[in-house]
Amino acid sequence: MTIEIAQMTKSFGRTEVLRGIDLTVADGELVALLGPSGSGKTTLLKIIAGLEWPDAGRLAVDGADWLKLDPQDRRIGFVFQNYALFPHMTVRDNIAFGLTVRPRGERPSRADIARRVDELLGFLQIDALGDRHPAQLSGGQRQRVALGRALAIEPTVLLLDEPFGALDAAVRRDLRQWLRSVHDATGTTTIFVTHDQEEAFELADRVVVLDGGRIVQSGDAAAIHDAPASPFVANFMGATIELPVAVRGGRVDAAGIETDHLPSALPDGPARLFMRPEDLTPIPDPDGPWTIASVTNTGAHLRLVLADAAGTKIPADLRRRSPRAAQIAPGVRVHLRPEHASVFPAETA
Ligand SMILES: Nc1ncnc2c1ncn2[C@@H]1O[C@H](COP(=O)(O)OP(=O)(O)OP(=O)(O)O)[C@@H](O)[C@H]1O
Ligand SMILES: [Mg+2]
């Protein structure tokens, strides 16, 4: 199913929550909606599901106007963060729920429902859990069951709102890979909400970044990571170090930072340089303007804080086993080589 959203707006009272969303999701695509808290991600999903109505705009699925369609007729599969399974029902009954509540004419027979649930239990790799109750499951198992419940109805569209938000990092990683394989096997058009960039990049065909009710960038992981469209996106994608610099003759000019390999298409003038701590290599240099203020060992990395004479402090992460690490100690003077950086024009008042 192809989802087409055009010029969509939504306010709650005076708060504009969606400010003109244009988004097309192709049939079978898995799109991640990524954005900070309050950027409108859940509101957009709820409108697609028919749990909220927009003030203006268009929502069409395979060409049909969904704003004229009741929620139950959209046959959406929806999984929320901390999705409550029915505690008094077994896993089987939870998964079967959406089928058992269909009106009589559309309801599959008991035997067909049982067969469908069996299939899903196998497919979701939770065969052994069918007779348990939700309280007897781990968080990750519960989210698998919740997804089973959403898939049981053979949804037109699958909407997942931070389904793994409450789980620990290792379980999330497992579930991500598992969800990707489930998606590839079903081919269901899917929108996945997260505010974890790694999750979005690893899982999705395309990442759509939302800020303040607007789409600020849309593209694949590499495009958004390497060529953020704005300072907001750069910062949100982990380039949290911002330094004021200058552009001269197509090059970034910054004291104590090697920038020869970082061309800029910006015109001459003041600019803003954004870098990720893990992209910064400190290079010992008695004339370097940065001094290593502190070193913290996090296991795989050394987390450094670098300070200049003006008191500016920036973080840098260095692999602990890298050859450079041996030369790193508090008090050592360095200059910096960023493996990658983004440059934007300075803000004009
Ligand atoms: N029913 C409502 N009534 C009033 N305001 C609402 C309602 N639902 C959402 N909002 C407001 O709309 C804005 C966007 O909310 P939304 O839940 O879509 O954000 P989100 O991107 O999902 O955030 P999070 O990452 O925290 O879940 C917020 O400012 C929120 O307070
Ligand atoms: Mg939300």
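Residues numbered from 1 in each chain as written. Chains lettered and ligands numbered in written order. Predicted model: local features only at pLDDT ≥ 70, side-chain atom pairs only at ≥ 80, totals over all residues. Heavy atoms only, no water.

Chemist: Any chance you could explain the site of ligand 1 here in plain terms?
Modeler: By nearness alone, every residue bordering ligand 1 is listed as Phe12, Val17, Pro36, Ser37, Gly38, Ser39, Gly40, Lys41, Thr42, Thr43, Glu162 and His195. Here Gly40 contributes a backbone N or O atom positioned 3.0 Å from an oxygen atom of ligand 1. In this structure, Thr42 approaches ligand 1 through a side-chain N or O atom, which is 2.7 Å from an oxygen atom. The protein chains hide 58% of the 640 Å² of surface that ligand 1 would expose on its own. Looking at which element gives the most residues to the shell around ligand 1, the answer is helix 1 (residues 41-49), with 3 residues. For the shell around ligand 1, the class distribution of residues is 3 nonpolar, 7 polar and 2 charged. (Near = heavy atom within 4 Å. Polar contact = N/O pair within 3.5 Å; in protein donor to acceptor, adjacent residues only side chain to side chain. Areas by Shrake-Rupley, 256 points an atom, 1.4 Å probe, with all protein chains shown as cover. Helix = DSSP H or I, 4+ residues; strand = E, 2+ residues; numbered from the N terminus. Nonpolar A, V, L, I, M, F, W, Y, C, P; charged D, E, K, R; others polar.)

Chemist: How should the sheet that holds strand 7 (residues 157-161) be read in this particular structure?
Modeler: By definition, the strands of a sheet pair up through backbone hydrogen bonds, in either a parallel or an antiparallel sense. Judged by pairing direction, the sheet is mixed, and its 6 strands sit side by side in the order 6-7-8-3-9-10 without closing on themselves. With partners counted over all chains shown, the strands left at the sheet margins are strand 6 (76-80) and strand 10 (214-219), one partner each. For this sheet, the mean angle separating the axes of adjacent strands, direction not counted, is 15°. Here 5 bridges tie strand 7 to strand 8 (residues 189-194), and the two strands are oriented parallel to one another. If you follow Val157 over to strand 8, its bridge partner there is Thr189. Set on the sheet, helix 1 makes contact with strand 3 (30-34), strand 6, strand 7, strand 8 and strand 9 (206-211); between it and strand 7 the angle comes to about 150°. Across the sheet, helix 6 (residues 169-186) touches strand 3, strand 7 and strand 8, and the angle it forms with strand 8 is around 165°. (Pairing = 2+ DSSP bridges. Axes fitted to C-alpha atoms, helices over the stretch in contact; angles between N-to-C directions. Contact = heavy atoms within 4.5 Å.)

Chemist: In this structure, what is going on with the packing of helix 3 (residues 91-100) against helix 5 (residues 139-152)? I would like to understand it.
Modeler: The relative placement of two packed helices comes down to the angle between their axes together with the axis-to-axis distance. It is at 7 Å that the axes of helix 3 and helix 5 come closest, and there the two elements cross at 30°. Put simply, helix 3 runs roughly parallel to helix 5. Our pair here, helix 3 against helix 5, has a crossing hand that is right-handed. Along the contact surface, helix 3 presents Val91, Asn94, Ile95, Phe97 and Leu99, while helix 5 presents Val145, Gly148, Arg149 and Ala152. Partitioned by chemical class, the residues of the contact of helix 3 with helix 5 number 6 nonpolar, 2 polar and 1 charged. (Parallel < 35°, antiparallel > 145°, perpendicular 65-115°, else oblique. Left-handed = near helix turned anticlockwise from the far one by under 90°.)

Chemist: When you look at the pattern of salt bridges in this model, what are you seeing that I'm missing?
Modeler: Once their charged atoms are close, side chains differing in charge can pair, the charge on each being opposite to the other. What the rule picks out here adds up to 21 salt bridges. Across the pair Arg115 and Asp112 runs a salt bridge whose closest N-O atoms are separated by 2.9 Å. Of this pair, Arg115 and Asp112 both sit in helix 4 (residues 110-123), separated by 3 residues, roughly a single helical turn. Salt-bridge contacts for Arg176 lead to Glu202; the nearest nitrogen and oxygen are separated by 2.8 Å. Pair noted here: Arg176 is in helix 6 and Glu202 is in helix 7 (residues 197-203), with a separation of 26 residues, a long-range link. Under the relative-accessibility criterion, Arg176 is labelled buried at 3%. Connected through salt bridges with shared partners, the residues Arg172, Arg176, Asp196, Glu198, Glu199 and Glu202 form a single ionic network. (Salt bridge = Lys/Arg side-chain N within 4 Å of Asp/Glu carboxyl O. Buried < 20%, exposed > 50% of the residue type's maximum accessible area, 1.4 Å probe, protein only.)

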